[in-house]
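Remarks on the overall topology
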Amino acid sequence: MNVKGVNLGNWLVLEKWMSPALFEGTTAEDEYHLPRQLSREVYEARIKIHRSEYISERDFVTIRSMGLDTVRIPVPYFIFGDREPFIGCICELDKAFNWAEKYGLQILIDLHTAPMGQNGFDNGGICGVCRWSQCPDEVEFVLSVLERLAQRYGTRTGLWGIEVLNEPVTENMWKAMDVPGRYPAADPGMAEGSAPNTLTFLRDFYLRAYDRLRRFLPDEKYVVIHDGFEFLAWKDFMQEEKYVNVVLDTHQYLMMAETQGCRQELSAYLDYIETNYKKDMEEMQKYFPVICGEWCLFNSLACGCDTRGGQSVLNGVEGSAQETLNDEEKKRIYQAIARAQLDAWNAGSGYFYWSYKLLTDTVNDKGWIGWDSWDLGRCVDFGWFPRCDSSCKERG
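Residues numbered from 1 in each chain as written. Predicted model: local features only at pLDDT ≥ 70, side-chain atom pairs only at ≥ 80, totals over all residues. Heavy atoms only, no water.

**Things to note about the packing of aromatic side chains**
This is how it is decided: Any Phe, Tyr or Trp ring, taking Trp's six-membered ring, that has another such ring centre within 6.5 Å forms a pair; planes under 30 degrees apart are called stacked, those over 60 apart edge-to-face, and the others tilted. Note on conventions: DSSP H or I runs of at least 4 residues are helices, E runs of at least 2 residues are strands, and numbering of each starts at the N terminus. Classification of residues uses two cut-offs on accessible area relative to the type maximum, computed with a 1.4 Å probe and protein chains only: under 20% is buried, over 50% is exposed, and between them is partly exposed. Consider the ring centre and the ring normal. A charge sits over the ring if Lys NZ or Arg CZ is within 6 Å of that centre and within 35 degrees of that normal.
A full pass over the atoms with the stated rule returns 34 aromatic pairs. For the ring pair Phe97 and Tyr153, a centre distance of 4.4 Å and an interplane angle of 10° mean the geometry is stacked. With a gap of 56 residues between them, Phe97 in helix α4 (residues 90-103) and Tyr153 in helix α5 (residues 136-153) connect regions that are remote in the sequence. Residue classification places Phe97 among the buried residues on the basis of a relative accessible area of 0%. Counting every residue linked through ring pairs, the aromatic cluster contains Tyr272, Tyr277, Trp295, Trp345, Tyr351, Tyr353 and Phe385. Sitting over the ring of Phe141, Arg83 keeps its end group 4.6 Å from the ring centre. One cation-aromatic arrangement involves Lys357 over Tyr54; the distance from NZ or CZ to the ring centre is 4.8 Å.

What follows is the structure, encoded as structure tokens:
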């Protein structure tokens, strides 16, 4: 297995920085509060238009033409439309499966959010709130969503696998990210008692989720578990014969390497990728097929300023006022970083780039210089990221 994929981020799970216009007229920073600040009519109109236009059949054709073979689709816990005031999106996922099967792609369904929050990040649906694992009824609800997804799509030829839960945060990352400080809760009362998930809880949850999924998921389909930002902590987990086709997902961003002391220069990035990403991928590949389910070319060097771990104007961090590098310099940096990271992921079982596209205006809106590197379409068009041709297929 050597999967080459891309995330369809911000389609069915919203992230404000990727599509700021959706949040206009509100102070909402996350998907939880958006429908609570808009009238039902305005909210429904915005969401329906966004979902119909952001990703369409044409995008699946484009992704296939890039030489990729799989898409990771983040979905919310309210995908089945059973959690007011949110609007379900199972019809959109149905369409995605039809497009994928038509154009020779496969889908990794990624349950990206959980009620009451599994990480407190904006991408978890509710900023500053991380109480899901403390709520047994909501844990059961998430298990039921996974089971229903497996029942609906388990035998589809377009299904690659199901990811149990995206980025459940554990203690080290909770502290490193300073989650309550970086993502302040709009409702402090809701956030009260928020805390990182324990590895003990995650291990138990993953075992329960595997059993629930396999009721409907054939053995050849993959069950994907996220490392909880503790990549090397899973060597003794699910190694019994019972557990088949379990994939370990790790997310590695250079912006986080910077917060851990990596210097903001090309040689330091390349050294970090070799001595950390690649080395750890090789190590964990002994125990699981390992994928890097999220990564990109973004880095502070190309932005021309210290982004303080990928914080943007939305976090109150002032970006560069003008480009500090010319096009050729940026291309050289990005190409080198792309080659190094692709080499690292090939030491495992593949990757999914974050993300396929974004609607942030990095030209007219001040402070967004360098953020175009999150958009794989732009990266391919600019020649920063290699377009994979038929010669890449031999490792499929």
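**As for the nonpolar core**
This is how the line gets drawn: Among buried residues, the Ala, Val, Leu, Ile, Met, Phe, Trp, Tyr and Cys ones that are joined through side-chain atoms within 4.5 Å form a nonpolar core.
Core analysis: the biggest nonpolar cluster contains 133 residues, and Ile73, Leu93, Ile109, Leu149, Val164, Phe205 and Trp374 have the highest contact counts within it. Listed in part, the eight residues of the second largest apolar core include Trp160, Tyr222, Ile291 and Phe352.

**With respect to the layout of surface pockets**
Selection rule: Every definition here rests on a 1 Å grid over the protein atoms only: cavities are sets of points where a 1.4 Å probe fits but cannot get out, pockets are open sets enclosed by protein on both sides within 12 Å along at least five of seven lines, and lining residues have some atom within 4 Å of a point. Grid points are joined across faces, edges and corners, and a volume is the space filled by probe spheres set on the points. Put simply, Ala, Val, Leu, Ile, Met, Phe, Trp, Tyr, Cys and Pro go in the nonpolar bin, Asp, Glu, Lys and Arg in the charged bin, and everything else, Gly too, in the polar bin.
Quantified by volume, the largest pocket comes out at close to 1000 Å³. Residue lining of the largest pocket: 48 residues in total, with Phe121, Met177, Tyr183, Met255 and Met256 positioned closest to the centre. Elements supplying a minimum of two residues to the lining of the largest pocket: α6 (171-177), β6 (246-251), α10 (254-259) and α11 (266-284). Lining the second largest pocket are 18 residues, and of these Tyr32, Tyr77, Phe86, Pro115 and Met116 sit closest to its centre. Among the residues forming the lining of the second largest pocket, the class breakdown is nine nonpolar, four polar and five charged.

**Details of the pairing of β6**
The line we're drawing: In this description, strands pair whenever DSSP reports at least two bridges between them.
Counting buried positions along β6 gives six out of six residues, so the element sits mostly inside the fold. The side-chain alternation of β6 yields two buried faces, one formed by Val246, Leu248 and Thr250 and the other by Val247, Asp249 and His251. Two elements, β6 and strand β7 (residues 290-294), share four bridges in a ladder whose sense is parallel. Note on β7: the bridge partner recorded for Leu248 is Val290.

**A few points about the state of the cysteines**
Between two cysteines, a covalent bond joining their sulfur atoms is known as a disulfide. Quick reminder of the rule: When two cysteine sulfur atoms lie within 2.5 Å, the pair is treated as a disulfide.
All chains considered together, the criterion is met by zero disulfides. Cys127 carries a free sulfur, and the closest cysteine sulfur to it, the one in Cys130, is 12 Å from it. Since its relative accessible area comes to 5%, Cys127 is described here as buried. Here Cys135 is not cross-linked by a disulfide; its sulfur's nearest cysteine counterpart is in Cys130, at 10 Å.

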